[in-house]
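# Coordinates in review
Chain residues, written in single-letter form:
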Amino acid sequence: MRKKSDQRAGYFGPYGGRFVPETLMAPLGELARTYDQVSRQRKFQRRLKDLLRDYAGRPTPLYFADRLSSTLGGVRIFLKREDLLHTGAHKINNAIGQALLAEHMGKGRIIAETGAGQHGVATATAAALLGQSCTVYMGEEDMRRQRLNVDRMRLLGAEVVQVDAGSRTLKDAINEALRDWVTNVRTTHYVLGSVLGPDPYPRMVRDFQRVIGQETRRQLRKQTGQDWPHLAVACVGGGSNSIGLFSAFLEEPRTRLIGVEAGGIGEELGEHAARFRGGRTGVLHGTRTMVLQDRHGQIATTHSVSAGLDYPAIGPEHALLHEQGRVEYTAVTDAEAVEAFHLLAATEGILPALESAHAIAEAVKHACHLSSKKVVVINLSGRGDKDVESVLEYDANKSGSKRDEAKASRHPAETWKNVVWGGDR
Ligand SMILES: *Cc1c(COP(=O)(O)O)cnc(C)c1O
């Protein structure tokens, strides 16, 4: 489908590339060369595999969600439990991989950007594990919203630097991290948290997340006798957990792949973070991809109830997969995501991250159209403990809603059925 040579050059069709200041061209070149070399060494792969198994908790279970499945009419829904990993999300797969790479390059300092703080915590964790010093850049606004993760990073020994520029959120934190990297490139490796940024990050981060799809394939074969699902669904922020799952099934035409973006609270620019709904080709943080921007090319503000999906650009490989039509991209609203959060809590006893709840909500929309023999895999990218406050706040602000009326007499799953199908079943 895609030629290897395209990926070598750091392009995914017309997307990707290295749009960075001159000073970063050499370090990116060095990183790409080292990565290409080291990632093929058996010793590196074994060390990574051992840490992912013994420290992070791989393989994660592929769990048959029996009660969720029967609630939705019988289709067989499996959850890939990345939420059970150490630090609570898939981010650790990439953080450990890149920290090992830094060690290999003889760089004793790692830096990272973080939005909600999940990637910052994963990077601070990997740094402590390998005895590296760690600095994390975080917008002032995000630091306020995600106090607990700031404390976690500091307890892990990381320095958290407050970023006061721009909108004081993730995109400004990335700017600062890039600035630090330019200045300290000889001693420092920049651990980018998703399949974003200049080459080699999009393909490198994807490779570190591939393990999700590879395990899923093996586990499906064992548990269903068939090593592919009819439908695989994952949420798409930058796009790392989704590409990690999808990469195993891109060449399997029987698997329908759906990436779910943040639909937020409306269709207008600024009300969502759905890059394929209103985004245009542009360059952000060193890569050419689909970007939410205004008429003048200014980066748009975004909104989502889940901090991890709230970024104005999407990984360049997703831009190509969208263009090719291999992956479908949809958007789920804040309201639908919160509803799906409650559904999973009530039917399976699992609090999902609000990011992952977007994928659940999308799967629910398809479940009633699929026969009970069909297999659906949802990537549960993270656990929802971090979102408990947001969910309570969301519910409290939703006055006189359908959900509140129904809550008194019904089990949340019953409420959901009515929302989806508009009646009892
Ligand atoms: C960061 C995050 C995401 C979004 O990032 P991707 O790179 O798109 O995977 C999704 N889920 C969780 C739990 C996260 O922490």
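So, here is what we can say about the structure in this document.

Cut-offs and rules
Residues numbered from 1 in each chain as written. Predicted model: local features only at pLDDT ≥ 70, side-chain atom pairs only at ≥ 80, totals over all residues. Heavy atoms only, no water. Pairing = 2+ DSSP bridges. Helix = DSSP H or I, 4+ residues; strand = E, 2+ residues; numbered from the N terminus. Axes fitted to C-alpha atoms, helices over the stretch in contact; angles between N-to-C directions. Contact = heavy atoms within 4.5 Å. Left-handed = near helix turned anticlockwise from the far one by under 90°. Nonpolar A, V, L, I, M, F, W, Y, C, P; charged D, E, K, R; others polar. Near = heavy atom within 4 Å. Polar contact = N/O pair within 3.5 Å; in protein donor to acceptor, adjacent residues only side chain to side chain. Areas by Shrake-Rupley, 256 points an atom, 1.4 Å probe, with all protein chains shown as cover. Buried < 20%, exposed > 50% of the residue type's maximum accessible area, 1.4 Å probe, protein only. Core = buried A, V, L, I, M, F, W, Y, C linked by side-chain atoms within 4.5 Å. Salt bridge = Lys/Arg side-chain N within 4 Å of Asp/Glu carboxyl O.

Attention now moves to the sheet that holds strand 6 (residues 133–139). Ordered by their spatial adjacency, four strands build an open sheet running 7-6-5-8, and the pairing between neighbours is parallel. Looking at the sheet topology across the chains shown, the edges are occupied by strand 7 (159–163) and strand 8 (188–190). Between one strand axis and the next, the sheet turns through 25 degrees on average, direction left out of account. Contacts from helix 9 (residues 170–184) reach strand 5 (109–114), strand 6, strand 7 and strand 8, with the element oriented near 160 degrees to strand 5.

One way to put it is that helix 14 (residues 334–348) packs onto helix 16 (residues 388–397) with a least axis distance of 11 Å and a crossing angle of 115 degrees. For helix 14 against helix 16, the interelement crossing comes out left-handed. Across from Asp334, Ala335, Val338, Phe341 and His342 in helix 14, the residues of helix 16 making contact are Val391, Tyr394 and Asp395. Looking at the contact of helix 14 with helix 16 residue by residue, the class counts come to five nonpolar, one polar and two charged.

What follows concerns the site of the ligand. Surveying the vicinity of the ligand reveals 17 residues, the closest of which are Lys91, Ser194, Gly237, Gly239 and Ser240. Separating an oxygen atom of the ligand from a side-chain N or O atom of serine 194 is a distance of 2.6 Å. The separation between an oxygen atom of the ligand and a polar main-chain atom of glycine 238 is 3.2 Å. Bound to the protein, the ligand loses 96% of the 390 Å² it would expose on its own.

Let us now look at the sheet that holds strand 4 (residues 76–81). Strand order in the open sheet formed by six strands is 3-4-14-9-10-13, and the pairing between neighbours is mixed. Two strands close off the open sheet at either side, each with one partner strand: strand 3 (62–64) and strand 13 (327–333). On average, adjacent strands in this sheet sit at an angle of 25 degrees to one another, irrespective of strand direction. Running over the sheet, helix 11 (residues 211–224) touches strand 3, strand 4 and strand 14 (375–380) and is turned about 140 degrees from strand 4.

The buried fraction of strand 12 (residues 287–291) is high, at four of five residues. The pairing of strand 11 (residues 280–284) with strand 12 spans five bridges and is antiparallel. Its bridge partner lying in strand 12, glycine 282 is registered against threonine 289. Connecting strand 11 to the next strand, strand 12, in antiparallel fashion are two residues, including histidine 285 with a positive phi near 50 degrees.

To continue, consider the nonpolar core. Counting 55 residues, the largest nonpolar core has Ile96, Leu101, Met153, Trp181, Tyr190 and Tyr201 as its most contacted members. If you tally residues by element for this core, the top one is helix 5 (residues 91–104), at seven residues. With near-sequence residues (within four places) excluded, isoleucine 96 lies in contact with Leu48, Leu51, Leu52, Tyr55, Ala56, Ala126 and Leu129. Ile258, Val305, Val391 and Tyr394 belong to the second largest nonpolar core, which has 32 residues in total.

Let's shift gears to the environment of threonine 302. Mapped onto the elements, threonine 302 comes out in the loop between strand 12 and helix 13 (316–324). Apart from the residues within four sequence positions on either side, threonine 302 is in contact with Gly270, His272, Ala273, Leu292, Asp310, Tyr311 and Pro312. In terms of polar contacts, threonine 302 uses its side chain to reach the side chain of aspartate 310, at 2.5 Å.

With that settled, the discussion passes to the pattern of salt bridges. Should their charged atoms come close, side chains of opposite charge can pair. Within this structure, the stated rule accounts for 32 salt bridges. One salt bridge connects glutamate 82 with arginine 58, and the closest N-O pair in it is separated by 2.7 Å. Residue glutamate 82 is found in the loop between strand 4 and helix 5, and its partner arginine 58 is found in the loop between helix 3 (42–56) and strand 3; the two are separated by 24 residues along the sequence. On the basis of relative accessibility, which here comes to 0%, the residue glutamate 82 falls in the buried class. Residue arginine 58 is classed as buried on the basis of its relative accessible area of 5%. In this structure, arginine 147 and aspartate 151 form a salt bridge, with 4.0 Å as the shortest nitrogen-oxygen distance. Of this pair, arginine 147 and aspartate 151 are both found in helix 8 (residues 147–155), four residues apart, which corresponds to roughly one turn of the helix. Exposure remark for arginine 147: the relative accessible area of 42% places this residue in the partly exposed category. Among the ionic contacts, a cluster of salt bridges with common partners joins Arg18, Asp36, Asp199 and Arg203.

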